[in-house]
Structures are given as C-alpha cells and as structure tokens.
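# A closer look at the structure
Spelled out from the first residue to the last, the chains are:
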Amino acid sequence: VTQTPKFRILKIGQSMTLQCTQDMNHNYMYWYRQDPGLGLRQIYYSMNVEVTDKGDVPEGYKVSRKEKRNFPLILESPSPNQTALYFCASRGGQYENIQYFGAGTRLSVL
Amino acid sequence: GDSVTQMEGPVTLSEEAFLTINCTYTATGYPSLFWYVQYPGEGLQLLLKATKADDKGSNKGFEATYRKETTSFHLEKGSVQVSDSAVYFCALSVGGGATNKLIFGTGTLLAVQP
C-alpha cells in the first residue's frame, strides 16, 4: 500500500487530496487517522469500486473509489483539528481479516 | 460496544529484559485478535494474530495467547532488543464479510535501552 505525500503542511481552507494505491487487487480499502492517545480511528472505507461508506469519524472528509487500486481521501476545507497522521489500508477477500497498511501521511493544518 | 484497552506507556526496558504489554478487549461474538507494530517513521505492520480462543500467535520472538476467559491478549517477549523499540497496537476484528472492521487500542510506546 503506497501513500503520498509523506508530509504536508496546509493552511486553513487549503484543499488537499491524500493519495492511496494498492497493488494487491484488494477489494476493501480503509482510511484511518491517528491522534496521540487515541489510537487509530476509521474515517471511511470502501468495499469495491464506487462503493464507500462512513467510518467512525467521517466529518470533514470525502472519498472516492473510481478504480479498484486507488482510494483518495479529500479534505475540501481543512481545519486545525484535522492535523493528524493518516493511514490507508487494504484487505483482500470477504473472509480475509488482515489489513495491510501504508506508511502514512503526516498532515498539519495551520 | 466493542473496544480494546491496552496499558499506557511509555514502557522503558533495558536490552534483554522481559516484556509484557497488557491488552484486554470487549466484544460480542468471536473476534480475531491482532498485534500491530509501528516502527519510527513507518506504517503499521502486522506482528501476530490469533483467530480463536487458546490460539497462540507468535512472530520474531513475540507471543500472545487468546484468552477468552479473561478477554485478554497480552504481548510478551523473553528478551527485548534495541531494535524492538516501537509503538505496539492491540486490535480486534469484528463483523463478518463486508462489514469486517478493525478496532484499535491506543498504542503502547516501547523504548529499549542498550
């Protein structure tokens, strides 16, 4: 799972897309955010092309899944409370429960 | 609801010391349990897993046993190395098929000193 960029500093309201690509032909893809003391929390997930759903903390984010390998996370109008470390993950078949993670994108919104 | 509680860190040990990181969970049904590790500057990697009660997951000298009676999945290693310094996350997998979901604990930072 490949994530780009690795680091980014944004100004409030400066839109941004975090990219995620997997080359394992996995159906399921996920976005998480990691905040100190809170562990990882799921933002959105996708079960296949054009099928997405909200996770636990979806506010302020959008996603799309136009191709099986890509699952971008869109921040249209970032705010400081979206400063976090973001991880993308993918999972194979319906009965496979291991998720494979990218290296993360560290985002600061100032 | 489903949740994972793990011991707060940081845990600081000397090289070759014994490691235990406690993890307990609350879940309905029969979850699978995982330990993920995050080395400095890297993403999460699966360290080990267990899918049913009494299963023992093991990898790189780390072990954890799925204890249903105590709802626990404690991580242990007999002799830690400096290279084991990382953040360790306990997680459980709930739901089947398309609704499968990972729920993470807050993470425990391990620092091993030479």
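Our structure is the block above this text.
To start, this report covers the structure provided alongside it. (Residues numbered from 1 in each chain as written. Chains lettered and ligands numbered in written order. Predicted model: local features only at pLDDT ≥ 70, side-chain atom pairs only at ≥ 80, totals over all residues. Heavy atoms only, no water.)

## Quick look at the overall build of chain B
Regarding its fold elements, chain B presents zero helices and twelve strands. Along chain B, from the amino end to the carboxyl end, the secondary structure elements read β-β-β-β-β-β-β-β-β-β-β-β. Computed over C-alpha atoms, the radius of gyration of chain B comes to 14 Å, within 12% of the 13 Å expected from 2.2 N^0.38 for 114 residues, which places it in the range of a compact globule. Taken along the three principal axes of its C-alpha coordinates, chain B extends 45 × 30 × 20 Å. A sequence separation of at least 24 residues applies to 55% of the contacts in chain B between residues at least 6 apart. Approximately 5200 Å² of chain B is accessible, and the part contributed by carbon and sulfur atoms is 49%. The distance from the centre of the 8 positive side-chain charges to the centre of the 11 negative ones in chain B is 8 Å. (Helix = DSSP H or I, 4+ residues; strand = E, 2+ residues; numbered from the N terminus. Rg over C-alpha atoms; globule rule 2.2 N^0.38 Å. Contact = heavy atoms within 4.5 Å. Areas by Shrake-Rupley, 256 points an atom, 1.4 Å probe, with all protein chains shown as cover. Lys, Arg positive; Asp, Glu negative; His and termini not counted. Charge placed at Lys NZ, Arg CZ, Asp CG, Glu CD.)

## Digging into unusual backbone geometry
Residue A:T4 is joined to A:P5 through a cis peptide bond whose omega torsion reads -10°. Along the chain, A:P5 turns up in the loop between β1 (2-4) and β2 (7-10). Between B:G9 and B:P10 the backbone carries a cis peptide bond, its omega angle lying at 0°. Assignment of secondary structure puts B:P10 in the loop between β1 (3-6) and β2 (11-14). Non-glycine residue A:N25 carries a positive phi angle of around 60°.

## Concerning the pattern of salt bridges
Residues and elements named next belong to chain A. Under the defined criterion, the tally for this structure stands at seven salt bridges over all chains. Residue D35 is joined to R33 by a salt bridge in which the shortest nitrogen-to-oxygen separation is 2.9 Å. For the pair formed by D35 and R33, the shared burial category is buried. Counted as one network, the salt bridges with shared partners bring together R33, D35 and R41. (Salt bridge = Lys/Arg side-chain N within 4 Å of Asp/Glu carboxyl O. Buried < 20%, exposed > 50% of the residue type's maximum accessible area, 1.4 Å probe, protein only.)

## Regarding the sheet that holds strand β8 (residues 73-75) of chain A
Remark on secondary structure: sheet strands pair via backbone hydrogen bonds, oriented parallel or antiparallel. Strand order in the open sheet formed by four strands is β1-β3-β8-β7 (chain A), and the pairing between neighbours is antiparallel. In the strand order of this sheet, the two ends are held by β1 and β7 (62-63) of chain A, each with one partner. (Pairing = 2+ DSSP bridges.)

## Here's the deal with the state of the cysteines
Residues and elements named next belong to chain A. A complete count under the given rule lists two disulfides over all chains for this structure. Shown here is the disulfide that connects C20 with C88, its sulfur atoms set 1.8 Å apart. Taking the sign of the S-S torsion, about -70° here, the bridge from C20 to C88 comes out left-handed. With C20 in strand β3 (residues 16-21) and C88 in strand β9 (residues 84-91), this residue pair connects regions lying 68 residues apart in the sequence. (Disulfide = S-S within 2.5 Å.)

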